[in-house]
Amino acid sequence: MKDSNSKPDISRRAFLGGGAAVTGAGAAAALGGGVANSAVEGGAKKHYVMVIDARRCYGVQACTVACKAEYKVPLGENRSWVEEIEKGNYPNVTRSFLPRLCNHCDEPPCVPVCPTGATFKRDEDGIVVIDKDVCIGCKSCIQACPYDQRFLNEDTHTADKCDFCIHRVSQGLQPACVEACPSRARIFGDLNDPDSEVSRLIATNKVSVLRPGYGTEPNVYYIGADHTGENDHYAEFSYVDVKTNRRFAERR
Amino acid sequence: MTDHNFWGLLDITYIYLGGLGVGAFFVSAMLLLLGRNDRTHFTVARYGAFLAFVAIVAGGILLPFELEHPFRAWRVYLNFAHGLRSPMFYGAWFLVIFGAISFFYALTFMRRGASAEDDLARGRKVLAWLGLAFGLCLGLYYGVLHASLAARPLWHSPVLPLMFLVSAYMSGAAGVLFLFAIFHRKNSDAEVEKRFVRRGHQLLAWILILAGIQAVLVFLYVLFANAFGSGDQSAAIQILLPGGAFATQFWLWAVVLGILVPIVLAASFGVSRAERAPVPWWVAVVVPLCVLIGGYVMRYDIIIAGQITHPMGL
Ligand code: SF4
Ligand code: SF4
Ligand code: SF4
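The structure presented is a predicted model; accordingly, all values stated were derived computationally and were not measured.

Before we go on, may I ask you to explain the overall build of chain A in this structure?
Regarding its fold elements, chain A presents eight helices and eleven strands. The buried share among the 252 residues of chain A stands at 57%. A sequence separation of at least 24 residues applies to 63% of the contacts in chain A between residues at least 6 apart. Working note: accessible area of chain A is about 10600 Å², and carbon and sulfur atoms make up 56% of it.

Laid out in structure tokens, this is it:
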């Protein structure tokens, strides 16, 4: 499947011209559309979000591996990873998992700092992308993301991060991490479609986003996420350990 | 730890040299504008003009090496459509504009027989005013670039741009005093030499005033982050406070060596002996060295520690 996918043109010119969106929708229609992206044919604006049901995640890292393989992410870097939160004092202990990826924020602090316009939020679906042909690698956006989602790709020498698998979702497929998850902890879809699974989940569950205090308005929603931070043991007088499987073991 | 240093030694050195250029220009322009047509002002202003240009060019040479794709850097300059909210867009423009001004400004001092009253005097003063304005922008930019990033709590402080700016002016004054101490030869005319001696005291006095302001700014910076800042900021500032990983170098090198020692030396050898003896040779060398080293360590500590610290909780 992957071979038949052409990478979509994510340059700003192309989508401002309006042509790319139409072509993308056409291609998706030709492929028969996907389950989660039934609205792709319409050409209406999308609002892609991911809902992560942390209660279902058991830390198997299938998403981490799928994402890594999908993009040949250089060694030591990840577009997505799963954090492990261990806390409590015996016998009251818990262990939970928190899958992480770019939040495709509605107010992304990584976008305005970019001096070249290489990174921007797409009008048609809200995905925050990086144009690898424009990025000069100044690393401003890496510094600006409060979620530590961006890294410097040593192969392309540009900033890099999750792009909600544009090349897949524009063809009506699910993101690689969503498809790989054996427990359906990751659900992807269009929030503008009131009948989509994500709309339903967000309407009927108590959801949370990460670091809401930063005003970034994330588009990755969590159900049952443990927001305990590595410093919270001061407040809770209990053991807390947060691990990531990135090169830097600590969460940032 | 170092994994997070996306901005490292090159960037710090660039920011440092840029600040030195801005500061040297400031000192030079102030001497020129305050000095009316006095030739001792002019001579010392010349040191500043050259130092400003050399520092800004040296910094400018480093800049492309910090980018992963330096040959695309032109995109920044043409990015009027999306760059207006990016500090780096302004910084890039300030750098070339200030660089050009300092080039022409230094040129006016270069030609044979240049003096305070030659036919370039007017143009030189116009350049001095322009350079002061754009130097201020560039000097503030270095701090704003960092301070605007909420995701880096140690940087996200309104005091940081002022600290970087004052440090820039301080290092400029230090650099000029250093060159003055090294290159100035006693003038045979006692009247003129007396005025030269006063220039030395003047530079030392400026360092004293700026260092005093800087001491207050450092205090405010730490106070704001620790007491009034968000939880993220007060958690981040601990890295600079006693017990923190950067505490020793920050307080010993940046504050004691870079600010307090110059204050003590300038106060005891500069102002108090004004009009009497020339600034002792060793003071005119030691004070600048302390200021220059302290300014570098200050930037190093804040820029590196700012990338090690991060928001708390999730
Ligand atoms: S999570 Fe970070 S990289 Fe992604 S859109 Fe938000 S600020 Fe930008
Ligand atoms: S690294 Fe690239 S995408 Fe990020 S701010 Fe710089 S030019 Fe923009
Ligand atoms: S949506 Fe795609 S790029 Fe983003 S984390 Fe999932 S697999 Fe990786």
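So much for the structure itself; the text now carries on.
So what exactly am I meant to see when it comes to the overall build of chain B here?
Scanning chain B from terminus to terminus reveals ten helices and zero strands. Counting helices and strands in the order they occur from the N terminus, chain B gives α-α-α-α-α-α-α-α-α-α. Relative to the globule expectation of 20 Å for 314 residues, the C-alpha radius of gyration of chain B, 20 Å, shows essentially globular dimensions. By principal-axis analysis of the C-alpha atoms, chain B measures approximately 70 × 45 × 25 Å. The buried share of chain B, reckoned over its 314 residues, is 58%. Long-range pairs, those at least 24 residues apart, make up 77% of the contacts in chain B between residues at least 6 apart in sequence. Taken as a whole, chain B presents about 13100 Å² of accessible surface, with 71% of it coming from carbon and sulfur. Averaging the coordinates of the 21 positive side-chain charges in chain B and doing the same for the 14 negative ones gives two points 6 Å apart.

What is the right way to look at the site of ligand 1 in this model?
Taken together, 14 residues lie around ligand 1, and A:Cys102, A:Asn103, A:Cys105, A:Cys110 and A:Cys145 are the ones closest in. Within the shell around ligand 1, the residues separate by chemical class into nine nonpolar, three polar and two charged.

For this particular structure, what's the right way to read unusual backbone geometry?
All names here are of chain A. The residue after tyrosine 90, namely proline 91, is reached through a cis peptide bond having omega 5°. Of note, phenylalanine 164 is a non-glycine position whose phi angle comes to about 55°, a positive value. Assignment of secondary structure puts phenylalanine 164 in the loop between strand 7 (158-160) and helix 5 (166-169). With a phi close to 40°, arginine 211 is a non-glycine residue in the positive phi region. The exposure class of arginine 211 is buried, given its relative accessible area of 5%.

Teacher, can you tell me more about the nonpolar core here?
General note: in soluble globular proteins, nonpolar side chains tend to be found buried as a group. The biggest cluster of nonpolar side chains holds 121 residues, and the ones touching the most others in it are B:Tyr105, B:Leu138, B:Leu154, B:Met163, B:Tyr221 and B:Ile302. With residues near it in sequence (within four places) discarded, B:Tyr221 still touches B:Leu154, B:Ser157, B:Val159, B:Leu160, B:Met163, B:Ile237, B:Leu240 and B:Ile302.

Just checking my understanding: could you explain the confidence of the model for chain B for this structure?
Do not read the fine detail of predicted coordinates wherever pLDDT is low. Taken as a whole, chain B shows an average pLDDT of 93; of its residues, 97% reach a score of 70 or greater. Among the prediction metrics, the complex's ipTM stands at 0.92, with pTM recorded as 0.90.

Just to check I follow, could you spell out the pairing of strand 10 (residues 220-223) of chain A for this structure?
Look at any regular strand and the pattern is simple: side chains alternate between the two faces of the sheet. Residues and elements named next belong to chain A. Of the two faces of strand 10, the one carrying Val220 and Tyr222 and the one carrying Tyr221 and Ile223 are both buried. Pairing of strand 1 (residues 48-53) with strand 10 involves four bridges; the strand directions are parallel. Across the sheet, isoleucine 52 pairs through a bridge with tyrosine 222, a residue of strand 10. One ladder, built from two bridges, connects strand 9 (residues 207-208) with strand 10; its direction is antiparallel. Residue pairing for strand 10: serine 208 is matched across the bridge by tyrosine 222.

It is not clear to me how the site of ligand 3 should be interpreted in this structure. Could you clarify?
In the vicinity of ligand 3, the residues found are A:Cys67, A:Tyr71, A:Arg79, A:Ser80, A:Leu101, A:Cys162, A:Asp163, A:Phe164, A:Cys165, A:Pro175, A:Ala176 and A:Cys177. Listing elements by their share of the shell around ligand 3, those giving two or more residues are helix 3 (62-71) and helix 6 (176-180) of chain A.

I'm lost on the sheet that holds strand 9 of chain A in this one. Help?
Two orientations exist for strands paired in a sheet by backbone hydrogen bonds: parallel and antiparallel. Residues and elements named next belong to chain A. Read from one edge of the open sheet, four strands run 8-1-10-9, paired in mixed fashion. The open sheet has two edge strands with one neighbour each: strand 8 (186-190) and strand 9. With five bridges connecting them, strand 1 and strand 8 associate as antiparallel partners. Opposite tyrosine 48, over in strand 8, you have aspartate 190 as the bridge partner. In the packing of helix 7 (residues 197-204) onto the sheet, the strands contacted are strand 1, strand 8, strand 9 and strand 10, and the crossing angle to strand 8 comes to about 110°.

Can you walk me through the interface of chain A and chain B in this structure?
Often, the extent of an interface is quoted as the loss of accessible area upon association of its parts. Taken together, the contacts link 40 residues of chain A with 33 residues of chain B. Between chain A and chain B, roughly 3400 Å² of surface is buried when both sides are summed, and carbon and sulfur atoms account for 54% of that area. Taken as a group, A:Ile136, A:Gln143 and A:Arg252 account for 23% of the area that chain A buries against chain B, more than any other trio of residues on that side. Taken together, the links from chain A to chain B amount to one salt bridge.

It is not clear to me how the packing of aromatic side chains should be interpreted in this structure. Could you clarify?
What describes a pair of aromatic rings is the distance from one ring centre to the other and the angle between the planes of the rings. Counted according to the given criterion, the structure contains 24 aromatic pairs over all chains. Following the ring pairs from residue to residue traces out a cluster consisting of B:Tyr77, B:Phe80, B:Phe89, B:Tyr90, B:Trp93, B:Phe94 and B:Phe134. Taking NZ or CZ as reference, A:Arg79 lies 3.6 Å from the ring centre of A:Tyr71, over its face. Sitting over the face of the ring of B:Phe109, B:Arg124 holds its NZ or CZ atom 5.0 Å from the ring centroid.

Scoring rules and cut-offs
Residues numbered from 1 in each chain as written. Chains lettered and ligands numbered in written order. Predicted model: local features only at pLDDT ≥ 70, side-chain atom pairs only at ≥ 80, totals over all residues. Heavy atoms only, no water. Helix = DSSP H or I, 4+ residues; strand = E, 2+ residues; numbered from the N terminus. Buried < 20%, exposed > 50% of the residue type's maximum accessible area, 1.4 Å probe, protein only. Contact = heavy atoms within 4.5 Å. Areas by Shrake-Rupley, 256 points an atom, 1.4 Å probe, with all protein chains shown as cover. Rg over C-alpha atoms; globule rule 2.2 N^0.38 Å. Lys, Arg positive; Asp, Glu negative; His and termini not counted. Charge placed at Lys NZ, Arg CZ, Asp CG, Glu CD. Near = heavy atom within 4 Å. Nonpolar A, V, L, I, M, F, W, Y, C, P; charged D, E, K, R; others polar. Core = buried A, V, L, I, M, F, W, Y, C linked by side-chain atoms within 4.5 Å. pLDDT = per-residue confidence, 0-100. Pairing = 2+ DSSP bridges. Axes fitted to C-alpha atoms, helices over the stretch in contact; angles between N-to-C directions. Buried area = accessible area lost by both parts, 1.4 Å probe. Salt bridge = Lys/Arg side-chain N within 4 Å of Asp/Glu carboxyl O. Phe/Tyr/Trp six-rings, centres within 6.5 Å; stacked < 30°, edge-to-face > 60°. Lys NZ or Arg CZ within 6 Å of the ring centre and 35° of its normal.

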